[in-house]
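Residue strings, one per chain:
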Amino acid sequence: MNDGCVVAVDPGLSKCGVATVCESGAVLDQCIVPRCDLVASVLNTVARHCPVAVVIGDRTGSRDARLELEKALQHLLVLVEEHETTMLSRARYYRDHPRRGLARFLPEGLFTPPRALDDYAAVILGERYWAGKRTGTQGTG
């Protein structure tokens, strides 16, 4: 594969989003895993995709998850700003899963997605990493 990728992690207390995001913007995979399975899931994803880095959000659950991943990984672990990823994840979900019928005419804020969006937050963290590489801000924003 010519396109570099990163494994991005949106850490949480009970569940975490994990996504593989290419420099081109392609998303190779995304999933939500129980917090207790995070390290195994990231190791499996790293083995499959050989990323240039593993990126992790800097907010809820980040410290403990970061420490566990640093022990288990031989890859660079990069901290990425999580500000507004919840709101952006929601918008991304509805872009990928448009509302149908009369619901499409009502404001998005009236709806709650039918599932957790931690995987979408991980995708956004991966995209922030690549945006930071392009602008020289190391994915923080």
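Please read all numbers here as calculations on a predicted model, not as lab measurements. (Residues numbered from 1 in each chain as written. Predicted model: local features only at pLDDT ≥ 70, side-chain atom pairs only at ≥ 80, totals over all residues. Heavy atoms only, no water.)

(A) Representation of the overall build of the protein. The helix and strand tally for the protein stands at four helices and five strands. Here the C-alpha radius of gyration of the protein, 15 Å, is about what a compact globule of 141 residues would show, namely 14 Å. Reported as C-alpha extents along the three principal axes, the dimensions of the protein are approximately 50 × 30 × 25 Å. Relative to all contacts within the protein whose residues are 6 or more apart in sequence, the contacts with residues 24 or more apart total 57%. Surface exposure of the protein reaches about 7600 Å², of which carbon and sulfur atoms provide 55%. A distance of 4 Å separates the average location of the 17 positive side-chain charges in the protein from that of its 17 negative side-chain charges. (Helix = DSSP H or I, 4+ residues; strand = E, 2+ residues; numbered from the N terminus. Rg over C-alpha atoms; globule rule 2.2 N^0.38 Å. Contact = heavy atoms within 4.5 Å. Areas by Shrake-Rupley, 256 points an atom, 1.4 Å probe, with all protein chains shown as cover. Lys, Arg positive; Asp, Glu negative; His and termini not counted. Charge placed at Lys NZ, Arg CZ, Asp CG, Glu CD.)

(B) Representation of the packing of helix α1 (residues 38-49) against helix α2 (residues 62-72) within the structure. For the pair α1 and α2, the least separation of the axes is 10 Å and the interaxial angle reads 45°. Looking at the two axes, α1 sits oblique to α2. In the packing of α1 onto α2, the handedness of the crossing is right-handed. Contact residues: α1 offers L38, V39, V42 and L43, while α2 offers A65, E68, L69 and A72. Classifying every residue of the contact of α1 with α2 by side-chain character gives seven nonpolar, no polar and one charged. (Axes fitted to C-alpha atoms, helices over the stretch in contact; angles between N-to-C directions. Parallel < 35°, antiparallel > 145°, perpendicular 65-115°, else oblique. Left-handed = near helix turned anticlockwise from the far one by under 90°. Nonpolar A, V, L, I, M, F, W, Y, C, P; charged D, E, K, R; others polar.)

(C) A look at the sheet that holds strand β5 (residues 77-80). Taken in spatial order, the five strands make up an open sheet running β3-β2-β1-β4-β5, and their pairing is mixed. Strand pairing shows two members of the sheet lacking a second neighbour, β3 (27-34) and β5, which therefore form its edges. Strand-to-strand twist in this sheet, taken as the mean axis angle between neighbours without regard to direction, amounts to 20°. Bridging between strand β1 (residues 5-10) and strand β2 (residues 15-22) involves six bridges; their strand directions are antiparallel. Considered in β2, the bridge of V6 is made with V21. Sheet contacts for helix α4 (residues 118-135): β1, β2, β3, β4 (53-57) and β5; angle to β2, the most-contacted strand, approximately 40°. (Pairing = 2+ DSSP bridges.)

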